[in-house]
Amino acid sequence: QQNVQQSPESLIVPEGARTSLNCTFSDSASQYFWWYRQHSGKAPKALMSIFSNGEKEEGRFTIHLNKASLHFSLHIRDSQPSDSALYLCAVSSYQGGRALIFGTGTTVSVSP
Amino acid sequence: NAGVIQTPRHKVTGKGQEATLWCEPISGHSAVFWYRQTIVQGLEFLTYFRNQAPIDDSGMPKERFSAQMPNQSHSTLKIQSTQPQDSAVYLCASSFSSTGDSYEQYFGPGTRLTVL
């Protein structure tokens, strides 16, 4: 049974700063790794994904994956007030039919 | 593209009543997922259809929950004899589907179910 955990639970980040969010998973057969972002009262929306070990950068966001450590992370640079949201990591596998197993979430608040 | 459509947006039921939630996936998407979200449990997978066929219902409470996808344009989640612990936001998502890579799931706005 896949277990996905996130840390920290919440954080406050000054505008313009860099922040890092962490996600660990338990099933070594996991193949697809996602970060979703959910603004208050809105639907979750995919932010980034990674399917192989290493790093991927898109604008101010970078995702790192280390399958051997059962860990992936999201790094946000030059944080903006609009980045204030609930960040959800999610893991899926072909065997799991690609249903997403979500972490518990990290609430990020960017202070102007 | 209107995105994933869910109706109703809010539903209030009394304990023991039935609730039916509707989802219209994005046109062309062949995979439909149902999740529910609560403060305590977070976002939990319930069930998944691909090309209208049920693929995985491992997250569904077995006794009172059922889901169907009678055609490619809508899916329903039915909860019989609702209980207060069923109160949650029920989210529907759709995506492309293939035997290859995982595709982004697009979420609807959700149905907030409140059981009194």
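What counts, and where the lines are drawn
- Sequence order as written defines residue numbering, which begins from 1 separately in each chain.
- Numbering of ligands from 1 and lettering of chains from A proceed in the order in which they are written.
- The predicted nature of this model means local features are confined to residues of pLDDT at least 70 and side-chain atom pairs, given and counted, to a pLDDT of 80 or more, with totals for whole chains, interfaces and linings taken over all residues.
- The basis for every side-chain value is the complete set of non-hydrogen atoms in the structure, without hydrogens or water.
- Per the convention used, a helix needs a DSSP run of H or I reaching at least four residues, while a strand needs a run of E reaching at least two, with both numbered from the N terminus.
- This radius of gyration counts C-alpha atoms alone. The globule rule is 2.2 Å times how many residues there are, raised to the power 0.38.
- All accessible areas in this document rest on Shrake-Rupley with a 1.4 Å probe, and a residue is counted as covered only by the protein chains that are shown.
- When charges are counted, neither His nor the chain ends are considered; positive counts come from Lys and Arg and negative counts from Asp and Glu.
- Every charge is mapped to an atom, namely NZ of Lys, CZ of Arg, CG of Asp or CD of Glu.
- Under the scheme applied here, a residue whose accessible area is under 20% of the maximum for its type counts as buried, over 50% as exposed, and between as partly exposed, the area being computed with a 1.4 Å probe on protein chains only.
- The term nonpolar core refers to a set of buried residues drawn from Ala, Val, Leu, Ile, Met, Phe, Trp, Tyr and Cys, joined through side-chain atoms within 4.5 Å.
- Contacts were defined at the residue level, with two residues in contact if any of their heavy atoms lie within 4.5 Å.
- When DSSP finds two or more bridges between a pair of strands, those strands are recorded as paired.

## A closer look at the overall build of chain B
1) Next: Along its length, chain B carries 0 helices and 11 strands.
2) Next: The order of α-helices and β-strands along chain B, N terminus first, is β-β-β-β-β-β-β-β-β-β-β.
3) Next: In terms of overall size, chain B behaves like a compact globule, its C-alpha atoms giving a radius of gyration of 14 Å where 116 residues would be expected to give roughly 13 Å.
4) Next: For chain B, the spread of C-alpha atoms along the principal axes amounts to about 40 × 30 × 30 Å.
5) Next: In the structure as shown, chain B presents an accessible area of about 5,800 Å², 48% of it carried by carbon and sulfur atoms.
6) Next: The distance from the centre of the 9 positive side-chain charges to the centre of the 9 negative ones in chain B is 8 Å.

## Brief notes about unusual backbone geometry
1) Next: Omega for the peptide link from A:S7 to A:P8 comes to -10°, which places this bond in the cis form.
2) Next: As for its placement among the helices and strands, A:P8 is situated in the loop between β1 (4–7) and β2 (10–14).
3) Next: Look at the link from B:T7 to B:P8: it is a cis peptide, with omega at -10°.
4) Next: Note on placement: B:P8 falls in the loop between β1 (5–7) and β2 (10–13).
5) Next: One non-glycine residue, A:L70, lies in the positive phi region at around 55°.
6) Next: Tracing the chain through its elements places A:L70 in the loop between β7 (61–66) and β8 (71–76).
7) Next: Given a relative accessible area of 23%, A:L70 falls into the partly exposed group.

## So, the nonpolar core
Residue and element names in this part refer to chain A.
1) Next: Counting residues in hydrophobic clusters, the biggest one holds 23 residues, and the most contacted among them are W35, F72, L74 and Y87.
2) Next: Within the residue set of this core, elements represented by two or more residues are β2, β3 (19–25), β4 (32–38), β5 (45–50), β7, β8, β9 (85–92) and β11 (106–111).
3) Next: At 4 residues, the largest contribution of residues to this core is made by β9.
4) Next: Ignoring sequence-local partners within four residues, the contact set of Y87 consists of Q6, L21, W35, Y36, R37, L47, L74, I76, G105, T106 and V108.

## Side note on the pairing of β11(A)
Along a regular strand, successive side chains alternate from one face of the sheet to the other.
All names here are of chain A.
1) Next: Burial along β11 is one-sided: the face carrying T106, V108 and V110 is buried and the face carrying T107, S109 and S111 is not.
2) Next: Examined bridge by bridge, β2 and β11 share 5 bridges and lie parallel to one another. When the sheet's bridge partners are listed, I12 is paired in β11 with S109.
3) Next: Taken together, the 3 bridges between β9 and β11 define a ladder with antiparallel strand orientation. Following the sheet pairing, A85 is matched in β11 by V108.

Shape is all these values report; function is a separate question.
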